[in-house]
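Structural description and commentary
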Amino acid sequence: MGLSFKAEVFELETDPLRLVLKNAEFNDLKTGEKIFFIRDARIALSIDNLFAWQISRDVSVRNTEIDGADLWIKFDENGRSNFANLVEDTTESNINLKYDSTNFNLRGATLHFGDISRRLDAEARNVSFTAKPANGESGQGMQRFSIEAEAADSIFNYDGHAVRDISILLRGVTDSGGAEISLLRLQSPVTNAELHGRIYSWSPFRYDLAVQSTADL
């Protein structure tokens, strides 16, 4: 997938079946640049039809608990992302990972963002994120997930001018094709804003959001 990986602990426990990660680093395989870091993760698994006579096996990810993480999202002066070297894993395997029933819970994370061409950088702190399967599928047959995210005590910089003490609240439903944003609330000492609408595509990124905001001029 274009990633290098190392971890202090990488164990598969059997009773119950779960994968345990501690101090795991994921970096760009070509450049060595940081992509994300996980301090502690416990991923509950189950094997479908364990005793069936078949070559391949379906392994379902039932529950993911992550305590402490860092994610870096950066764009260079040409707009190229630090995720540009990542590729889809197309390796054939007898193990098929399924995520349609997973519950995901992230606590104590930090998101580092930087865009050199637009002179922007930001740091979202105390990030929490939860996702669970939503009822029904999208029109394209994709599994949908209800999501909620929060961040507090965050910082945003534009061209050297900083705004601190920012809080963020996000609620919506998403799939691999896009998302419906029911609420995106940003609060800071200089502006408060609420957004809702639709993200039509992740790549290319296309959206239509309605905004209500107040600003301290």
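What comes next is a walk through the structure. The structure displayed is predicted, hence computed values, not measured ones. The numbers attached to residues start from 1 for each chain and follow its sequence in the written order. The predicted origin of the model limits local features to residues at a pLDDT of at least 70 and limits the giving and counting of side-chain atom pairs to 80 or more, whereas totals for whole chains, interfaces and linings rest on all residues. For side-chain calculations, the full set of non-hydrogen atoms in the structure is used, while hydrogens and water are omitted.

Attention now goes to the environment of Arg-18. Here a strand is any run of E in DSSP of at least two residues, a helix any run of H or I of at least four, and the numbering for each starts at the N terminus. The topology assignment puts Arg-18 in strand β2 (residues 17-28). Classification of Arg-18 as partly exposed rests on a relative accessible area of 26%. C-alpha of Arg-18 to C-alpha of Val-61: the two residues are 43 residues apart in sequence and 9.0 Å apart in space. Filtering out sequence-adjacent residues up to four positions away, Arg-18 remains in contact with Glu-11, Leu-12, Glu-13, Arg-42, Ile-43, Ala-44 and Leu-45. N or O atoms closer than or at 3.5 Å make up a polar contact, with two conditions inside protein: a donor-capable atom paired with an acceptor-capable one, and, for residues adjacent in sequence, both atoms drawn from side chains. There is a polar contact of 2.6 Å between the side chain of Arg-18 and the side chain of Glu-13. Under the scheme applied here, a residue whose accessible area is under 20% of the maximum for its type counts as buried, over 50% as exposed, and between as partly exposed, the area being computed with a 1.4 Å probe on protein chains only. In what follows, residue pairs with any heavy atoms lying within 4.5 Å of each other are defined as contacts.

Right, let's talk about the pairing of strand β9 (residues 161-174) for a bit. Remark: a regular strand shows side chains that alternate across the two faces of the sheet. Sheet topology places strand β8 (residues 143-158) next to β9; 11 bridges connect them, and they run antiparallel. Looking at β9, one finds that Asn-157 is bridged to Ala-162. Connecting β8 to the antiparallel partner β9 that follows it, the hairpin turn spans 2 residues, and Asp-159 within it adopts a positive phi of roughly 55 degrees. DSSP calls a pair of strands paired once it identifies at least 2 bridges connecting them. In this sheet, strand β10 (residues 179-187) lies alongside β9 in antiparallel orientation, the contact comprising 8 bridges. Residue Leu-170 lies in a different strand from β10, and its bridge partner there is Leu-184. Counted between consecutive antiparallel strands, the loop separating β9 from β10 contains 4 residues.

Turning to the side chain of Asp-175, a few remarks are in order. Within the element layout of this structure, Asp-175 appears in the loop between β9 and β10. Counting rule applied: Lys, Arg positive; Asp, Glu negative; His and chain ends not counted. Salt bridge criterion: a side-chain nitrogen from Lys or Arg within 4 Å of a carboxyl oxygen from Asp or Glu. One buried charged residue, Asp-175, remains without a salt bridge, the closest side chain of opposite sign being Arg-144 at 4.5 Å. A polar atom in the side chain of Asp-175 sits 3.0 Å from the backbone nitrogen of Gly-178.

Here we come to a nonpolar patch on the surface. Residues enter patches when they are more than 30% accessible in relative terms and free of salt bridges; like-charged ones are connected within 9 Å and nonpolar ones (Val, Leu, Ile, Met, Phe, Trp, Tyr) within 5 Å. Residue exposure ignores everything except the shown protein chains as possible cover, and the areas themselves are Shrake-Rupley values with a 1.4 Å probe. Residues Ile-95, Leu-97 and Tyr-99 make up a contiguous nonpolar surface patch of roughly 320 Å² in combined accessible area. Its place among the elements puts Tyr-99 in the loop between β5 (95-98) and β6 (103-115).

In this scheme Phe, Tyr and Trp rings, the latter by its six-membered ring, pair at centre separations within 6.5 Å, and the angle between planes marks the pair as stacked below 30 degrees, edge-to-face above 60, and tilted otherwise. Going through the model one piece at a time under the given rule, you end up with 5 aromatic pairs. Ring geometry for Phe-5 versus Phe-10: centroids 5.5 Å apart, planes at 70 degrees, classification edge-to-face. Residue Phe-10 is classed as exposed on the basis of its relative accessible area of 53%. Where Phe-5 meets Phe-26, the ring centres are 4.9 Å apart and the plane angle is 40 degrees; that geometry is what we call tilted. One end of the pair, Phe-5, is in strand β1 (residues 3-14); the other, Phe-26, is in strand β2, with 21 residues separating them in the sequence. Three or more aromatic residues joined by ring pairs make a cluster, and in this case those are Phe-5, Phe-10, Phe-26 and Phe-36.

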